[in-house]
Amino acid sequence: MKTKCAITAIVLLAIGTGSVTAGSIRCQGKIIRDDQIKPLSEAQVREKCGKPAVEAFRSLTYKTEVNVTKVLRFNDAGELESITEQVGE
C-alpha cells in the first residue's frame, strides 16, 4: 500500500511540474525557451531555426521529431510568447 501511495505521489508531482515547465525547442544546438527574460523576436527565431514547416498569423510550426511538432506563437509586438508541443499524425 505504501508503494502505491509513493508511486501515485511521484506521478502527481511529475504531472504538476510539467504544467509549469516552459516550452522549448532546440535549433542549431541551442535551446530556445518561451520564458526567457528577453523574448526572441520572430526574425531571431527564423534566423536560429530556419524555415518553418507551417507559417500562420503570429505563429510558426517546426517539425522536430517523427510525429512531433512545435508551435511557436508571437505576441502583437512580434516577440515569442509560447511554445507548445503537438504529437500526432
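The present account deals with the structure reproduced in this document.

Conventions adopted
- Residues numbered from 1 in each chain as written.
- Predicted model: local features only at pLDDT ≥ 70, side-chain atom pairs only at ≥ 80, totals over all residues.
- Heavy atoms only, no water.
- Pairing = 2+ DSSP bridges.
- Helix = DSSP H or I, 4+ residues; strand = E, 2+ residues; numbered from the N terminus.
- Axes fitted to C-alpha atoms, helices over the stretch in contact; angles between N-to-C directions.
- Contact = heavy atoms within 4.5 Å.

Turning our attention to the sheet that holds strand β5 (residues 68–74). Strand order in the open sheet formed by four strands is β3-β4-β5-β6, and the pairing between neighbours is antiparallel. Among the strands making up the open sheet, the edge pair consists of β3 (54–56) and β6 (80–87). Strand-to-strand twist of the sheet, defined as the mean angle between neighbouring strand axes without regard to direction, takes the value 20°. As paired strands, β5 and β6 are joined by seven bridges and run antiparallel to one another. Bridging across to β6, leucine 72 finds its partner in isoleucine 83. Contacts from helix α2 (residues 42–49) reach β3, β4 (59–65) and β5, with the element oriented near 25° to β4.

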